[in-house]
Each structure stands twice: as C-alpha cells, then as structure tokens.
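Inside the fold
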Amino acid sequence: MPGERIPLHIFEPRYRELIGECLDNLTEFGLIYRQGVALSPVGTRARVDQVLERFPDGRFNVVVAGTTRFRLIEETAGRSFITARVGELDDIADPPSDEEIADCLAAFAGTQVGADLPDLDGAPQGLAFAVVAAAGLPNEVKQELLEMLSERDRVVRLTEALTGPAGAEIRDREIERRASGNGKVDLL
C-alpha cells in the first residue's frame, strides 16, 4: 500500500536481479497482487528504503516502502521477472467528512488493544492508506481499498472492515502477540 513499509528477504534469482537493478539505478518497482492466475488491475510502486543485509550468495534483506498506485495496462515479456506497461491512477476529489474520519480512527483504535497508535497526521497518501499500512488487514481487503478512486469511499469501507470480521481478526492477533510477551493485555 502507498506509505506502507515492509521487510523482504529477496532470495529468488529473478528478484535478486530486480532489486539489484533498482539499487543500482535508484528506480522503483511494482508490487501487484495475484488473484489466482490473473494479476490485479491496480498495484503499488515501491522503492528499496533500506538494505538491511547483503549476503555473499546475492540474497538481500531489505525494507521496501510503497509510494504511489498504478493501473496495469498490459503484461510484457523478456525479463526473468514479471514486467508490464502501467499507467497513472488518480483519485477523484471526494474527501471524507470529519465524522467519517473520526469513525475510522475509532475503529482502528478498537483493533489495537490499548497499544500506542501510530501518528497518522499528515499522511501523504491519505488517512485510509496510512491506517491500512498500520492495521494488518487481509490482502483481499487491502486490494479492494487500493483500487478505490475516492478517499471517502476508502475511509468508509475501511471503517466497515475494521468493525467487522477483519477487525476482529486483527484484534485477536494483537491480543495473542501481546499475551505471548509479558502477558499484559489492556482494554479488553
């Protein structure tokens, strides 16, 4: 997702080639969700934000950061990794109301089991993407939100997801994670 940072262990030769080129040329690459055999129509550009470790055999441990969305035009061939022609994807002007924002933030806070909430003010890609990046939603929900062209629609759908089964799953994972540490779980 735009704004999301994820650690990756790059071990397959084709992806070692891709990440090596991105590092050498300071370029971005695309991340796109595969649904069965088909690629999703919308993906996220990403850049290597940090190289944590380079191994002698060519593997990498890196942190990548999502930047902007793109739409898939067509797959291309000729490289060891998937390549494609892509186009820009812009939102329509449809901001969420203050109430919709407050509902979304409250729903997100409800999944975090008393944990300190990340600072989401000034999120460059919008509130919805910032919450999604921090929340740990299922990939199918993330893809649905990625494809939406309205920040208002994303905020409303995200609130529904966080107050529904996906939010309950996030909350359960957070309780399990915290209980496996020192056993203290606040605000049950």
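Shown above is the structure to which this text applies.
What counts and what doesn't
Residues numbered from 1 in each chain as written. Predicted model: local features only at pLDDT ≥ 70, side-chain atom pairs only at ≥ 80, totals over all residues. Heavy atoms only, no water. Pairing = 2+ DSSP bridges. Helix = DSSP H or I, 4+ residues; strand = E, 2+ residues; numbered from the N terminus. Phe/Tyr/Trp six-rings, centres within 6.5 Å; stacked < 30°, edge-to-face > 60°. Lys NZ or Arg CZ within 6 Å of the ring centre and 35° of its normal. Salt bridge = Lys/Arg side-chain N within 4 Å of Asp/Glu carboxyl O. Buried < 20%, exposed > 50% of the residue type's maximum accessible area, 1.4 Å probe, protein only.

Comments concerning the pairing of strand β4 (residues 60-76)
When a strand is regular, its side chains alternate between the sheet's two faces. Relative to β4, strand β1 (residues 5-10) is paired through 6 bridges, and the arrangement is antiparallel. Note that in β4 the partner of Arg5 across the bridge is Ala65. When strand β3 (residues 38-54) meets β4, the two strands line up antiparallel, connected through 10 bridges. Bridge pairing in β4 links Gln50 to Val63. Pairing of β4 with strand β5 (residues 83-88), which is carried by 6 bridges, proceeds in the antiparallel orientation. Its bridge partner being in β5, Phe70 is matched across the sheet by Glu88. Joining the antiparallel neighbours β4 and β5 is a turn of 6 residues, in which Gly78 adopts a positive phi near 115°.

Remarks on unusual backbone geometry
Even without a glycine there, the phi angle at Leu26 is positive, about 55°. By secondary structure assignment, the location of Leu26 is in the loop between α1 (13-25) and β2 (29-35).

What about the packing of aromatic side chains?
The final tally for this structure, using the stated rule, is 0 aromatic pairs. The ring centre of Phe55 lies 4.1 Å from the NZ or CZ of Arg59, which sits over that ring.

Some remarks on the pattern of salt bridges
Side chains that carry opposite charge are capable of pairing whenever their charged atoms lie near each other. Under the criterion given, the structure shown has 16 salt bridges. Between Arg5 and Asp49 there is a salt bridge, with the nearest N and O atoms lying 2.9 Å from each other. Of this pair, Arg5 sits in strand β1 while Asp49 sits in strand β3, and the two are 44 residues apart along the sequence. For Arg5, a relative accessible area of 47% corresponds to the partly exposed category. You can call Asp49 partly exposed: its relative accessible area is 33%. Of the charged contacts, one joins Arg85 and Glu74 as a salt bridge, the two residues approaching to 3.3 Å between their closest N and O atoms.

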